[in-house]
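# Structure at a glance
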Amino acid sequence: MLTLKNVGVFRKKNKEYQEDPIEEAQDEDVDASEFEDDEVQPKKQKSRRPKETPFAQQRIASVNPVFTPKSVLPIYLVIATIFVIFGAVMLNISSHIDDLTIYYEKCSSNAPTDAWGNVPSEHYFFNFHKNTSFDVAPQWRYTAADDSDASGSSENGTCQLRFTIPYDIPNSVYVNYRIENFYGNHRRYVQSFSEDQLNGKNASLSVIKDTVGLNCKPLVTNGEGKHYYPCGLIANAMFNDTFSMELAGVGSTESYNLTNQGITWSQDKDRFKKTEYDASQIAPPPNWVKKFPQGYNDSNIPDIHTWEEFQNWMRTPALPKFSRLIRRNDHDDLPAGEYQIDIGLHWPVTEFKGGRKAVYITHGSSIGGKNNFLGIVYLIGGCISIAMAVVILCTHLI
């Protein structure tokens, strides 16, 4: 039978076709996806969305109290009770603090010189809570300066004050000086000092004169070009009335010893250091000439590290009326009796309007010195809280 397969030409082609099985297999292995265009995968962008946590998504459980008159009223009453109790206790403690104040700025002009005279009532006041009827006026006497003083320092006289203590005063006993109408918070005054000098450094002229903010202008150097030490207005204006180191007993009363140690903050010793200046480099401030009439030498340069009166003065006051501690006794009660204290007059106050100075004697307590302000503030706060509670109650009832 004749077929196409038996024809030679077709047989040959069919044979050649069958002789390439590898090529046929390769053709079958071709993946159609190879002919497709490659797809571009998008870049994964960094998300700024916070993490899926309760904290980040602000799903933490919270309490949202709804205040009602019933819940607010007890709060005001509790606050009022606390404030009133605190205020009453503070006022009670303050009222039990005894103190004595004697103004002596006019001692040189008004006090007698040959005998003791009573201090005018407008120049003293006292509070002795155990004896409210006590009315013994203090006395004063003025002693003129002795121009023949061998030390060469002529004082402006001495004001002698006598006062009576009706009963024992508990320790600690503090002797302060008090100044009124002295505006030590003036901007230029407060900035007139050298911190480097106070730290004991050998500060150069440019440091004490040209430092931005804190510098000693206008008191930097004297006519010889020497640095004032300490320089600046604060040091130059230092309170320099002298107080005796005891309350001298009058008659049968024994003297009561005082000290000038521990009258300032303990941290001040870290700030005030003994100077590295040589005596030939420095001169005392203009108002210190009475204390150092011949200037400085190697033996009389003041050591501000131990000079606590100076450290106290360099802490400028915020108000025109202020007190500074100058003597104290932490160990002994002050017995009842009559005492005398001698004050050397050096620091003038009559030159500025309304200036006054006084000696202020008191003792300590659990809240410090005598001060009714804080107790009054607490009482006012308690009264305001009570008033608010009443208003809320009336509003709720109406």
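For the structure itself, consult the block above.
Analysis parameters
- Residues numbered from 1 in each chain as written.
- Predicted model: local features only at pLDDT ≥ 70, side-chain atom pairs only at ≥ 80, totals over all residues.
- Heavy atoms only, no water.
- Core = buried A, V, L, I, M, F, W, Y, C linked by side-chain atoms within 4.5 Å.
- Buried < 20%, exposed > 50% of the residue type's maximum accessible area, 1.4 Å probe, protein only.
- Contact = heavy atoms within 4.5 Å.
- Phe/Tyr/Trp six-rings, centres within 6.5 Å; stacked < 30°, edge-to-face > 60°.
- Helix = DSSP H or I, 4+ residues; strand = E, 2+ residues; numbered from the N terminus.
- Polar contact = N/O pair within 3.5 Å; in protein donor to acceptor, adjacent residues only side chain to side chain.
- Disulfide = S-S within 2.5 Å.

So, on to the nonpolar core. Tyr-104, Leu-161, Phe-163, Phe-243, Phe-310 and Trp-313 are the most contacted members of the largest nonpolar core, which totals 66 residues. Apart from residues lying up to four places away in sequence, Phe-310 is in contact with Leu-198, Pro-230, Ala-235, Met-238, Phe-272, Trp-288 and Ile-304.

The next subject is the packing of aromatic side chains. The tally for this structure, following the rule as stated, stands at 26 aromatic pairs. A centroid spacing of 5.8 Å and a plane angle of 45° characterise the contact between Phe-182 and Trp-313, whose relative ring orientation is tilted. One end of the pair, Phe-182, is in the loop between β6 (173-180) and α5 (187-190); the other, Trp-313, is in helix α10 (residues 308-313), with 131 residues separating them in the sequence. Trp-313 carries the same exposure label as Phe-182, and that label is buried. Plain terms: the ring middles of Trp-288 and Phe-310 are 6.2 Å apart, the flat faces sit at 85° to each other, and that makes the pair edge-to-face. Placement of the pair is Trp-288 in the loop between β11 (282-283) and α10 and Phe-310 in helix α10, with a sequence separation of 22 residues. Both residues of the pair, Trp-288 and Phe-310, belong to the buried class.

Assignment of secondary structure puts Asn-222 in the loop between α7 (205-210) and β7 (227-228). Among the polar contacts made by the side chain of Asn-222, one reaches the main-chain amide nitrogen of Glu-224 at a distance of 3.1 Å. Residues contacting Asn-222, with those up to four places away along its chain left out, are Tyr-228 and Ala-283.

A few words now on the environment of Ile-85. Relative to the assigned elements, Ile-85 resides in helix α3 (residues 69-95). On the basis of relative accessible area, Ile-85 is assigned to the partly exposed category, the value being 49%. Distance from Ile-85 to Leu-379, taken between C-alpha atoms, is 8.1 Å for residues 294 residues apart in sequence.

Take the state of the cysteines next. The tally for this structure, following the rule as stated, stands at two disulfides. Note on cysteine connectivity: Cys-107 is disulfide-linked to Cys-159, with sulfurs 2.3 Å apart. Because the torsion about its S-S bond is 95°, the bridge between Cys-107 and Cys-159 counts as right-handed. In this pair, Cys-107 is assigned in helix α4 (residues 107-110) and Cys-159 in strand β5 (residues 158-165), connecting sequence segments 52 residues apart.

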